[in-house]
Amino acid sequence: MANEHYKQSNPPAAMTKSELVTNITRVQPQLSEQDVELAVNSILERMTSALVAGERIEIRGFGSMTLHYRPSRIGRNPKTGEDVRVTEKYVPYFKPGAGLRKRVNEGVNGSGNEDGE
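This report concerns the structure included in the present document.

### Concerning the sheet that holds strand β2 (residues 63–70)
Where strands meet in a sheet, backbone hydrogen bonds hold them as pairs that are either parallel or antiparallel. Ordered in space as β1-β2-β5, the 3 strands form an open sheet in which the pairing is antiparallel. What marks the edges here is a single partner per strand, and that holds for β1 (57–59) and β5 (89–96). Sheet twist, expressed as the mean angle between neighbouring strand axes with direction ignored, is 25 degrees. As paired elements, β2 and β5 share 8 bridges and run antiparallel to each other. Bridge pairing in β5 links Arg 70 to Lys 89.

### Brief notes about helix α3 (residues 33–52)
Helix length check: α3, at 20 residues, gives a terminal C-alpha distance of 28 Å against a target of 28 Å (1.5 Å per residue), a fit within 8%. Packed against the buried residues of α3 are α2 (17–27), β1, β2 and β5. At the C-terminal side of α3, Gly 54 shows a positive phi close to 80 degrees.

### Some words on the pairing of strand β3 (residues 73–76)
Where β3 and strand β4 (residues 83–86) come together, 4 bridges link them in antiparallel fashion. Pairing of Arg 76 across the sheet is with Asp 83, part of β4. Taking the residues that link successive antiparallel strands as the turn, the β3-β4 hairpin has 6 residues, and the phi of Gly 81 there is positive, at about 80 degrees.

Parameters and conventions
Numbering of residues starts from 1 in each chain and follows the order in which that chain's sequence is written. In keeping with the predicted nature of the model, local features appear solely for residues at pLDDT of at least 70, side-chain atom pairs appear and are counted solely at 80 or more, and the whole-chain, interface and lining totals rest on all residues. No hydrogens and no water enter the side-chain calculation; it runs on all heavy atoms of the structure. By the convention used here, strands pair only if DSSP detects at least 2 bridges between them. For the purposes of this entry, the term helix denotes a DSSP run of H or I that reaches at least four residues, the term strand denotes a run of E that reaches at least two, and both are numbered from the N terminus. Helix axes are fitted only over the stretch in contact, all axes being lines through C-alpha atoms; the angle between N-to-C directions runs from 0 to 180 degrees. One less than the number of residues in a helix, times 1.5 Å, gives the span that helix is expected to have. We call two residues in contact whenever any of their non-hydrogen atoms come within 4.5 Å of each other.

Encoded structure:
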């Protein structure tokens, strides 16, 4: 019930990397846009490199990222119904931390407490 409002309203637009840089620059005016862009790109590149190397990423209060293995399987082409072999792969998996889950639920529920009252 608490998420009915969120599900019924239009989903929010995705924030792009350039919007993130602009928002940080706006909140931290002492930082130049170029410095913020360099920092954001550096963080994302390091996180990507860690995942490529099979490392786990953990940011306390925000969440963790790992790789989940997906074995090969037989899928189905939705257009033709034909069987298609899907090769094995690793997919990035994000698990939100308790702090992030709490803040998101408070924001979605529009309240300042955990119960949404």
